[in-house]
Amino acid sequence: MTLDATFCYTRLKAHDRNYQPVLDDVRSVALPALAPTGITRWGAWSGLFGIGSNEIVLMTASAAAVDHAGILNARLATAPGAIVEQHVLRPTVRPHDVAPLARPGLYVFRFFDVRHADVDEIARLSFDAWTTFETNVAYRAEPQGLFCQRDTRAPTGVMLLCTWYDGLESWQVSRTPAPAATENFRRRHALTSGTIAYATRLIEWNEAPGARVS
């Protein structure tokens, strides 16, 4: 069963040269204030490739009926940074709950340009491919979430795939998965018109504020 929830992908750019001031504000001010509204952290990430050194990716989750972006953005308005990209999403075949991610490692965010009419088929092909993709002993990888846009009034939009790897080597090796997964990924590729990926590192949430993640 698909999880009935709203997720929000928000890329924040600090006014400073590194991301720490905006991360500290999100951690100590924005998210505690959001807790009574039901909006919680799914994860926060710093960039390895494709994300600026003064940027973080924040993903939050809530019940489907909440005005997620409106409430979130009101709280972020006083942060020492600016929102440079945001997508309000709903989960497809993963995740199954809104529990915050905690496993250290490499997280790759891959956006797909899609027709909303193809979302269900893309989700099915992805789910079928994962049965061999994430059990391959040549690398360690596990898709954490596959999301589509909540607002589908336009004919086209994006889907977002978040995948965990134990490191860059696994990411590279996984580019050649098992034949069964390869075929499903090939069919999925045919339903997309473009992709872009960002490599990130999950920020440990119990780290003391002000201690910049290297």
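Residues numbered from 1 in each chain as written. Predicted model: local features only at pLDDT ≥ 70, side-chain atom pairs only at ≥ 80, totals over all residues. Heavy atoms only, no water.

Caption draft 1: Up close: a nonpolar patch on the surface. A contiguous nonpolar patch, built from Leu48, Phe49 and Leu168 and spanning about 290 Å² of accessible area, is present on the exposed surface. Tracing the backbone through its elements, the reader meets Leu168 in helix 4 (residues 168-173). We classify Leu168 as partly exposed; its relative accessible area is 42%. (Patch = residues over 30% accessible without salt bridge, like charges linked within 9 Å, V, L, I, M, F, W, Y side chains within 5 Å. Areas by Shrake-Rupley, 256 points an atom, 1.4 Å probe, with all protein chains shown as cover. Salt bridge = Lys/Arg side-chain N within 4 Å of Asp/Glu carboxyl O. Helix = DSSP H or I, 4+ residues; strand = E, 2+ residues; numbered from the N terminus. Buried < 20%, exposed > 50% of the residue type's maximum accessible area, 1.4 Å probe, protein only.)

Caption draft 2: Local environment of the pairing of strand 1 (residues 5-14). The element strand 1 is largely enclosed, with a buried count of nine among its ten residues. One ladder, built from nine bridges, connects strand 1 with strand 3 (residues 55-63); its direction is antiparallel. Its bridge partner lying in strand 3, Phe7 is registered against Ala61. Of the pairings in the sheet, the one linking strand 1 to strand 4 (residues 81-94) comprises eight bridges and is antiparallel in character. In the sheet register, Ala14 faces strand 4, and the bridge partner there is Gly81. (Pairing = 2+ DSSP bridges.)

Caption draft 3: Quick peek at helix 5 (residues 179-190). The first and last C-alpha atoms of helix 5 sit 17 Å apart over twelve residues, in line with the 16 Å expected at 1.5 Å per residue. Looking only at helix 5, the buried set comprises Ala181, Asn184, Phe185 and Arg188. When helix 5 is viewed along its axis, its buried side chains cluster within an angular range of 100° and face the same direction. For helix 5, exposure combined with an orientation more than 90 degrees from the buried face picks out Pro179, His189 and Ala190. Those residues of helix 5 that are buried are in contact with strand 5 (106-115), helix 3 (119-133), strand 7 (156-165) and strand 8 (192-202). (Expected span 1.5 Å × (residues − 1). Arc of directions from axis to C-beta. Contact = heavy atoms within 4.5 Å.)

Caption draft 4: Layout of the layout of surface pockets. Within this model, the largest pocket holds a volume of roughly 350 Å³. Arg110, Phe112, Arg175, Phe185 and Arg188 are, among the 20 residues lining the largest pocket, the residues nearest its centre. Elements supplying a minimum of two residues to the lining of the largest pocket: strand 5, helix 3, strand 7, helix 5 and strand 8. A per-element tally of the lining of the largest pocket places helix 5 first, with five residues. Of the residues that constitute the lining of the largest pocket, the class distribution is ten nonpolar, six polar and four charged. (1 Å grid on protein atoms, 1.4 Å probe; cavity = no way out; pocket = protein on both sides within 12 Å on 5 of 7 lines; lining within 4 Å. Points joined across faces, edges and corners; volume = space filled by probe spheres on them. Nonpolar A, V, L, I, M, F, W, Y, C, P; charged D, E, K, R; others polar.)

Caption draft 5: A look at the environment of Val29. Checked against the element boundaries, Val29 lands in helix 1 (residues 20-34). It is 40 Å that separates the C-alpha atoms of Val29 and Leu125, two residues lying 96 residues apart in sequence.

Caption draft 6: Spotlight on helix 3. Compared with the 21 Å implied by 1.5 Å per residue over 15 residues, the 20 Å span of helix 3 between its first and last C-alpha is a close match. Looking at the packing, one finds that the buried side of helix 3 touches strand 4, strand 5, strand 6 (141-149), strand 7, helix 5 and strand 8.

Caption draft 7: Fine view of the sheet that holds strand 3. Spatially, 1-3-2-8-5-7-6-4 is the arrangement adopted by the eight strands of the closed barrel, whose pairing is antiparallel. Across the sheet, the mean angle from the axis of one strand to that of its neighbour is 35°, orientation sign disregarded. (Axes fitted to C-alpha atoms, helices over the stretch in contact; angles between N-to-C directions.)

Caption draft 8: Region of the structure containing the pattern of salt bridges. Scanning the entire structure with this criterion turns up eleven salt bridges. Of the charged contacts, one joins Arg115 and Asp118 as a salt bridge, the two residues approaching to 2.9 Å between their closest N and O atoms. Classification of Arg115 as partly exposed rests on a relative accessible area of 48%. Asp118 gets classed as buried once you look at its relative accessible area, which sits at 10%. Taking the shortest distance from any N to any O, the salt bridge between Glu121 and Arg124 comes out at 2.8 Å. Here Arg124 and Glu121 lie together in helix 3, a separation of three residues that amounts to about one turn. Residue classification places Glu121 among the partly exposed positions, given a relative accessible area of 30%. Through salt bridges that share partners, Glu121, Arg124, Asp128 and Arg187 make up one connected network.

Caption draft 9: Representation of the packing of aromatic side chains within the structure. Under the defined criterion, the tally for this structure stands at twelve aromatic pairs. Their ring planes at 85° and their centres at 5.6 Å tell us that Trp42 and Phe147 sit as a pair that is edge-to-face. Note that Trp42 is positioned in strand 2 (residues 40-49) and Phe147 in strand 6, a separation of 105 residues in sequence. Summarising the burial analysis for this pair, Trp42 and Phe147 share the class buried. Taken together, the ring pairs connect Phe7, Tyr9, Trp42, Trp45, Tyr107, Phe109, Phe111, Phe147 and Tyr198 into an aromatic cluster. (Phe/Tyr/Trp six-rings, centres within 6.5 Å; stacked < 30°, edge-to-face > 60°.)

Everything listed here is a matter of geometry and, on its own, says nothing about what the molecule does.
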